[in-house]
Each structure stands twice: as structure tokens, then as C-alpha cells.
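As a plain string of letters, each chain reads:
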Amino acid sequence: MKSKYRNLLVLVLILSSLTLMSADFPQWDVPADAAIVKNPVENNKMAVEEGATLFKTQCTACHGALGKGDGAIASANLTTDAFQSQTDGAIFYKITTGRGVMPAFKTLEKESVWKIIHFLRSFGKKTTDEIKKHAELKVTLIENDNADNEVLAHVNIVLKDGKEIIADNVKVGLYVKRYFGLLPLGENLYTDSNGDIKVSVPADLPGDTDGNIIIVSKVEDSECTPVEQTNTVKWGISTAETEWGKTWKSTRALWRTNDKLPFWDYILYFGITIGIWIGIIYVLLLVRKIKKLSDA
Ligand code: HEC
């Protein structure tokens, strides 16, 4: 019984010290000449979104998706007034110098760090609800007879009270699905003042055997809930018609299934397999013979 209580006490001690560790970090002084450095990167939507992407990959593990310091490793809260009252220069100094568990991000390009700082400012301005605006995505596929076909994506934002607003300047990703990964149909796409973004789809994309391609549309804005939609259209070139498609179908292609395998390949395969097994069994028999001889 007694040891049970002792274990409990140890557990409580460990947990409380962990929470204490996460609650407060000692004051972190920044040299005056570092603190006055101005952010050289223009604060626009594109910079903020690039910063958001970098933050997601490099920082959320410790700082959490919303910068509250509640990631897998306890770290500093970046949403507090105390944090936000610092200059960009001071924050830059801390990110590139590091302290304790906080790594020094020396290999990140300077420009990238400044962009992350633009993004960090959004934590101060907005409440969690505002950061996660509910986005709705409507995709229209426009078929053009004489020119490239087009994808029109329209984004709406639905507010908490059910009201819908036009989502201008929202980051959208438009892609064509490939065997591995996604082929972007454009770089840095943002909706216009009507909430629309339009891209054209090249006519020479390889599709499946029927010429189908899959269009993937996503709302990728750091201020919105992620939404994704896929549409299948017959806008690609049928693979059956291409050189590659013909190879795929040929009898001797390595990736064909058993039904297309030539008979001689079976004989060869089983012949080699059986041969190897006979060899192994022969060696085992020899070993047994040696053992018998030494026992005698
Ligand atoms: C391995 C965990 C970890 C990662 C990854 C990490 N941090 Fe930190 N960060 C910390 C910890 C822990 C602290 C508190 C350090 C201290 O004050 O001693 C901290 C502190 C900071 C501070 C100073 C906070 C203050 O109160 O002034 C900033 C700014 C910061 N991190 C930004 C970033 C950014 C930006 C990234 C990604 C590029 C990042 N961190 C990645 C763990 C991490």
C-alpha cells in the first residue's frame, strides 16, 4: 500500500515540474542593436502565407498550430501581449539564436525567418475563432473548344452566425493528381474581389486509359479551415494512345500480372526455386552426417 502512495507522489511531482517548466521561461534579453533591426520583408498576404507554411513545418511541433506553446514539447506562448509587444528584430534574434530547447534556426534563410515573423503577428491580432474561418469551396469546370480548358474555384466564408461573405485574397491550391503527388496549375493563387480564382489546364496532360484526369482544389489559407475537393474530367490524353501506355500493356513488361506471364518464365522461376531448396536440404543432410560421425 505504502509504495503505491509513493509512486503516486513521484508522478505528481514529475507532472507538476513539467507544467512549471512549460509555464515560465526566464527572461530572455536581446541586445539593443538586434532589437532595433527592422523587418526588411514587405508584409503582404503572400509573405504571411509563406511564413504560415514554414511555421507549420518547422515550429508547430513545439509551439502548437495556434502558437500557444502547447505542442508535443512545451514551449513559449507566442500569442500573449508580452510576446507580441516585442519588436520584429527581437523576435528575429531569438529565432536565429535559440536558447535551451528552442533551436537556433541558422540554416533557415533570413528572409524566411522574417516572413515567419509576419505570420506570428496574426496570433496577436486574432482570436482562435477568427483564425479558423469556415471556408466553402465551389469548383466549376469550364470546357473550351478552341483554347485550354479552365478550372474556376469560388470561395465563400461562412461566419458563426451563418452569414456568408465573399472570400477575397484567400490562398487556394489547384492541382492535377499525378501518380506521385500533385502537379500545381499555378503558383501563389489568391481569390480576387469576387472570391474567384481561375486557371487553365494544359491540353497535353496524360490521363488514365480513358483520358480522365483528377483536379484537386484546396483552400490552403492559414486563416481558414482546410477544405478539399476532387473532380474527375476527361481532359487528358488517354494513356492507351501513348507509347508508354502501349509498353504498359505489353506481355513482357515486368509489372504485368501473372496472367500475362509467358510460360517459360514460370519454368525458369520454379526451376531456380526448387534447385535452391534441393541445395539447402543437401547441405543440411551433410551437416547431419558430420554430426553423426563425430558422435560415433
Ligand atoms: C524543439 C522545440 C521547438 C521548436 C521546433 C521551436 N521552438 Fe521556439 N521555443 C521553444 C522553447 C522551449 C522556447 C522557450 C525558450 C526559452 O525561453 O528558454 C521557445 C521560444 C521561442 C521564442 C521566444 C519567445 C519569447 O517569449 O520571446 C520564439 C520567438 C520562438 N520560440 C519562435 C519559434 C519559431 C519561429 C520556430 C520555428 C521556426 C520555433 N520557435 C521552433 C521550443 C521550440
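Source: prediction; values computed, not measured. (Residues numbered from 1 in each chain as written. Predicted model: local features only at pLDDT ≥ 70, side-chain atom pairs only at ≥ 80, totals over all residues. Heavy atoms only, no water.)

### Topic: the coordination of the iron atom of the ligand
Taken together, the protein donors to the iron atom of the ligand comprise His 63 (NE2) and Met 102 (SD), at separations of 2.0 to 2.1 Å. Geometry at the iron atom of the ligand is octahedral, judged from its six donor atoms and the angles of 87 to 180 degrees they form at the metal. Here the residue His 63 occupies a position in helix α4 (residues 60-63), and Met 102 occupies one in the loop between α6 (88-97) and α7 (110-125), the gap between them amounting to 39 residues. On the basis of relative accessible area, His 63 is assigned to the buried category, the value being 10%. (Donors = N, O, S within 2.8 Å, 3.2 Å for Na, K, Ca; no water. Tetrahedral: all angles 85-135°; square planar, octahedral: opposite > 155°, others 65-115°. Helix = DSSP H or I, 4+ residues; strand = E, 2+ residues; numbered from the N terminus. Buried < 20%, exposed > 50% of the residue type's maximum accessible area, 1.4 Å probe, protein only.)

### Describing the site of the ligand
Near the ligand there are 21 residues, and of these Cys 59, Cys 62, His 63, Lys 94 and Met 102 occur at the shortest range. The separation between a nitrogen atom of the ligand and a polar side-chain atom of His 63 is 2.8 Å. One of the side-chain nitrogen or oxygen atoms of Lys 94 is found 2.6 Å away from an oxygen atom of the ligand. Where the shell around the ligand is concerned, the elements lending two or more residues are α4 and α6. At three residues, the largest contribution of residues to the shell around the ligand is made by α6. Taken together, the residues of the shell around the ligand sort by class into 15 nonpolar, four polar and two charged. (Near = heavy atom within 4 Å. Polar contact = N/O pair within 3.5 Å; in protein donor to acceptor, adjacent residues only side chain to side chain. Nonpolar A, V, L, I, M, F, W, Y, C, P; charged D, E, K, R; others polar.)

### Observations concerning the pairing of strand β2 (residues 149-158)
When you tally the buried positions in β2, you get seven out of ten residues, the bulk of the element. Relative to β2, strand β1 (residues 134-142) runs antiparallel, the two sharing nine bridges. The partner of Ile 142 across the bridge, within β2, is Glu 150. The antiparallel hairpin formed by β1 and β2 contains six residues in its connecting segment. (Pairing = 2+ DSSP bridges.)

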